[in-house]
Amino acid sequence: MTLLDILLGRKRLTLTEAERAIVIRKGRIKDILGAGEHNLRRKDVVERHDLSDAVFVSHLGDALMRERADLVKEHLTDIRTGLDEVAIVERDGRLNEVLGPDARLVVWTAAGPWKIARIDLTDGFAVDTKLGERLTRARVTGAMTVVEVAETDVGLLFVDGSLMETLGSGAHRFWTAGRKLHVKMVDLRWRSHDVTGHEILTKDRVTLRVNLAADFRVTDPVKAVTAVKDFEDALHRALGLAFRKTLGALTLDALLADKVAVDAEAADAVRTEMAEIGVEVGAIALKDVILPGEMRDILTGVVAAEKEAEANVIRRREETNATRSLLNTAKVMAENPVMLRLKELEALEAIAGKVERLTVHSGTDGLMNDLVRLRD
C-alpha cells in the first residue's frame, strides 16, 4: 500500500486466475472480481474463493441470487432438478456429480466448462447400461442402486412398496431418486422342504409323530410373492394340515399297512392348494412314522409273536414233509428187495466209517444179518 492509497483511503487486491472475490461495500454486494489487481475502498469487505473447489459455498449465496442476478449470471452456474428429474453434471468432460430430484448445485462458471444432462424419471427408474457403467467406473454411485440377479433367480423390483417389474439374470441399475427400492430374489430351482416332528392323532386315538418331505419350485414368482407373505411357510402349513386330516381318519394299523396310498391322497390336496399361489409341488413322501415308547414296545411284542407263530407253522410243515418222505421210502423198499438191500449197504457203510476196527466171524452173510436187520 502506497502513501497515495493511504491518503485516498483505498487498498489493493490481487487475485490469480484460480481465485474470485466478492466485494461488500456498506453492507451490500458490490461486485465479484476476477483475476488481476483491483483498487478497493479501505472499508470494503472481501470474501475470497478458490476455484479449485468448484462448488460455490457462501453465507451470501441467497442474497446474491436475490439481489444481484446479473453477477450470478456472469460468474455462477445454478443447476436445479425437478421432482422427477436427475441431472448428470460433467466438468471439463469428466463426471463430477449426480443430482437427485428436487436438488440444487451452484458452481463457479470459470471452474468448468460444465455440461448438464437431465433424465426424466417418469419414463422409468432404470439407468442406461453405458451410463451406469460409466458412473460405476467414476465411483459416482450415490444416486444409483446396483442389483445383481443370479442365473437361477428372478428379481422382483418394489418401489415404495409397489411391485414395478420383474428382473431377469444379470446386473441392473436404478435411480434411487429419493425413493425406497427393494428387490426380492426368488429362486426358480427345484428345492426340498422338510416337515419334521409333526404330531398327529390317529382314528384309534394313538398320538404319533411323522416326518414329511416335499420337492417344489416356483413357477409364478409374482403370484408366489404377492399372494402370501411367505410361500415356503405356506407349503409347510399345507403339508401339515393335509397329512393331519388324511392320517387322522385312519387307524394305526391302516397307516402302517399302506403309507404309499396315504402319501398319494394327501399330496393331491397339497399340490392343488400350492398351484393357486404359483408353486409347483413334485414328489411328497411320508418319510418316518415315530411311535410313542409304550406303543412301540407293544408293537414290537406283536411282531415278535407273529414271527414266532410263522416259524412254528414252517417247522410243522417241514416235519410233515419229512415224515411223508420217509413213508414213501418205506413203501418203495417194501415193494423192491433190491432197494432194501442198497439201503442196508448204506447203513453198513455208515457204521463202518465210525469204528476203527471191524472183525467178521461168520462171513458176509453173518455180518449183514447180525449188524443190519431191517426185516425178518
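Coordinates for the structure precede this section.
Counting restarts for each chain: residues are numbered from 1 in the order of the written sequence. Only residues with pLDDT of at least 70 are given local features in this predicted model, and only at 80 or more are side-chain atom pairs given and counted; all residues enter the totals for whole chains, interfaces and linings. Hydrogens and waters are ignored; side-chain quantities use all the structure's heavy atoms.

S.K.: When you look at the overall build of the protein in this model, what are you seeing that I'm missing?
M.R.: Counting its regular elements, the protein contains eleven helices and 18 strands. Of the contacts formed within the protein by residues at least 6 apart in sequence, a portion of 63% connects residues at least 24 apart. Shrake-Rupley sampling with a 1.4 Å probe provides the accessible areas, and residues are treated as covered by the protein chains on show and by no other component. Carbon and sulfur atoms make up 51% of the accessible area of the protein, which amounts to about 23,700 Å² in all. What counts as a helix is a DSSP run of H or I of at least four residues, what counts as a strand is a run of E of at least two, and both are numbered from the N terminus. Working rule for contacts: check all heavy atoms of both residues, and any pair within 4.5 Å makes them a contact.

S.K.: I keep staring at the nonpolar core and nothing clicks. Help me out?
M.R.: Put simply, buried Ala, Val, Leu, Ile, Met, Phe, Trp, Tyr and Cys residues joined by side-chain atoms within 4.5 Å make one nonpolar core. Burial here depends on accessible area, computed with a 1.4 Å probe over protein chains only, as a share of the maximum for the residue type. Under 20% is buried, over 50% is exposed, and the range in between is partly exposed. Among the nonpolar cores identified, the biggest contains 34 residues, and Leu-239, Phe-243, Val-270, Met-274 and Ile-284 are the most heavily contacted of them. Elements represented by at least two residues in this core include exactly strand 12 (153-159), strand 16 (191-201), strand 17 (207-218), helix 5 (221-227), helix 6 (231-248), helix 8 (259-275) and strand 18 (279-290). The element that contributes the greatest number of residues to this core is helix 6, accounting for eight residues. Setting aside chain neighbours within four positions, we find Leu-239 in contact with His-193, Val-195, Leu-212, Ala-214, Val-270 and Ile-284. Membership of the second largest hydrophobic core comes to 23 residues, among which are Ala-54, Phe-56, Leu-99 and Val-107.

S.K.: How should I be thinking about unusual backbone geometry in this particular structure?
M.R.: A negative phi holds for most residues other than glycine; trans holds for most peptide bonds. For the bond from Gly-112 to Pro-113, the omega torsion is 15°, close enough to zero to count as cis. Here Pro-113 is to be found in the loop between strand 9 (104-108) and strand 10 (114-120). Positive phi values are uncommon outside glycine, yet Asp-102 reaches one of about 50°. Relative to the assigned elements, Asp-102 resides in the loop between strand 8 (94-99) and strand 9.

S.K.: Is there a simple way to explain helix 6 in this structure?
M.R.: Two residues of an α-helix separated by three or four positions point the same way, owing to the 3.6 residues in each turn. Along its 18 residues, helix 6 runs 25 Å from first to last C-alpha, staying within 8% of the 26 Å computed at 1.5 Å per residue. Within helix 6, the full set of buried residues consists of Phe-231, Ala-234, Leu-235, Ala-238, Leu-239, Gly-240, Ala-242, Phe-243, Thr-246 and Leu-247. Whenever a nitrogen or oxygen atom comes within 3.5 Å of another N or O atom, the pair is scored as a polar contact, on the condition that within protein one atom can donate a hydrogen and the other can accept it, and that pairs from neighbouring residues in sequence are kept only if both atoms are in side chains. N-cap assignment for helix 6: the residue whose side-chain oxygen lies 3.0 Å from the backbone N of Glu-232 is Asp-230. Helix span is expected to be 1.5 Å times the residue number reduced by one.

S.K.: Quick question: what am I supposed to make of the sheet that holds strand 13 (residues 162-167) here?
M.R.: Paired through backbone hydrogen bonds, the strands of a sheet run either parallel or antiparallel to each other. Whether two strands pair depends on DSSP finding at least two bridges between them. Strands sit in the order 13-12-15 across an open sheet of three strands; the sheet is antiparallel. The open sheet is flanked by strand 13 and strand 15 (181-187), the only strands paired with a single partner. Each adjacent strand pair in this sheet contributes to an overall mean axis angle of 25°, direction not counted. Pairing geometry for strand 12 and strand 13, over five bridges, is antiparallel. Note on strand 13: the bridge partner recorded for Val-159 is Ser-162. An axis is simply a line fitted to the C-alpha atoms; with a helix, the fit covers only the stretch in contact. Between two such axes, the angle follows the N-to-C directions and lies from 0 to 180 degrees.

S.K.: Would you mind showing me how to read the packing of aromatic side chains here?
M.R.: How two aromatic rings sit relative to each other is given by the distance of their centres and the angle of their planes. Any Phe, Tyr or Trp ring, taking Trp's six-membered ring, that has another such ring centre within 6.5 Å forms a pair; planes under 30 degrees apart are called stacked, those over 60 apart edge-to-face, and the others tilted. Applying the stated rule across the entire model yields one aromatic pair. Between the aromatic rings of Phe-56 and Trp-108, the centroid separation amounts to 5.2 Å while the plane-to-plane angle is 85°, which identifies the pairing as edge-to-face. Remark: Trp-108 occurs in strand 9 and Phe-56 occurs in the loop between strand 5 (45-50) and helix 2 (61-67); sequence separation between them is 52 residues. Of the residues examined, Phe-56 reaches a relative accessible area of 8% and is grouped as buried.

S.K.: Is there a simple way to explain the pattern of salt bridges in this structure?
M.R.: Pairing of side chains with opposite charge becomes possible as their charged atoms draw close. A pair is scored as a salt bridge if a Lys or Arg side-chain nitrogen falls within 4 Å of a carboxyl oxygen belonging to Asp or Glu. All chains considered together, the criterion is met by 14 salt bridges. Between Asp-78 and Arg-104 there is a salt bridge, with the nearest N and O atoms lying 3.2 Å from each other. Pair noted here: Asp-78 is in strand 6 (residues 76-80) and Arg-104 is in strand 9, with a separation of 26 residues, a long-range link. By relative accessible area, Arg-104 is classed as partly exposed at 39%.

S.K.: What is the right way to read a nonpolar patch on the surface from this model?
M.R.: A patch is a set of surface residues, each over 30% in relative accessible area and not in a salt bridge, joined within 9 Å for like charges and within 5 Å for the nonpolar side chains Val, Leu, Ile, Met, Phe, Trp and Tyr. A contiguous nonpolar surface patch, about 420 Å² in accessible area, is contributed by Val-332, Val-338, Met-339, Leu-342 and Leu-345. Its relative accessible area of 33% is what places Met-339 among the partly exposed residues.

S.K.: Looking at this model, I keep getting lost on the sheet that holds strand 7 (residues 85-91). Mind explaining?
M.R.: Taken in spatial order, the three strands make up an open sheet running 8-7-10, and their pairing is antiparallel. Each having just a single partner strand, strand 8 and strand 10 make up the two edges of the open sheet. Taking each pair of neighbouring strands and ignoring which way they run, the sheet shows an average axis angle of 25°. Pairing analysis gives five bridges linking strand 7 to strand 8, with the strands arranged antiparallel. Its bridge partner lying in strand 8, Glu-90 is registered against Leu-95. Helix 4 (residues 129-137) contacts strand 7, strand 8 and strand 10 of the sheet and is inclined by roughly 105° relative to strand 8.

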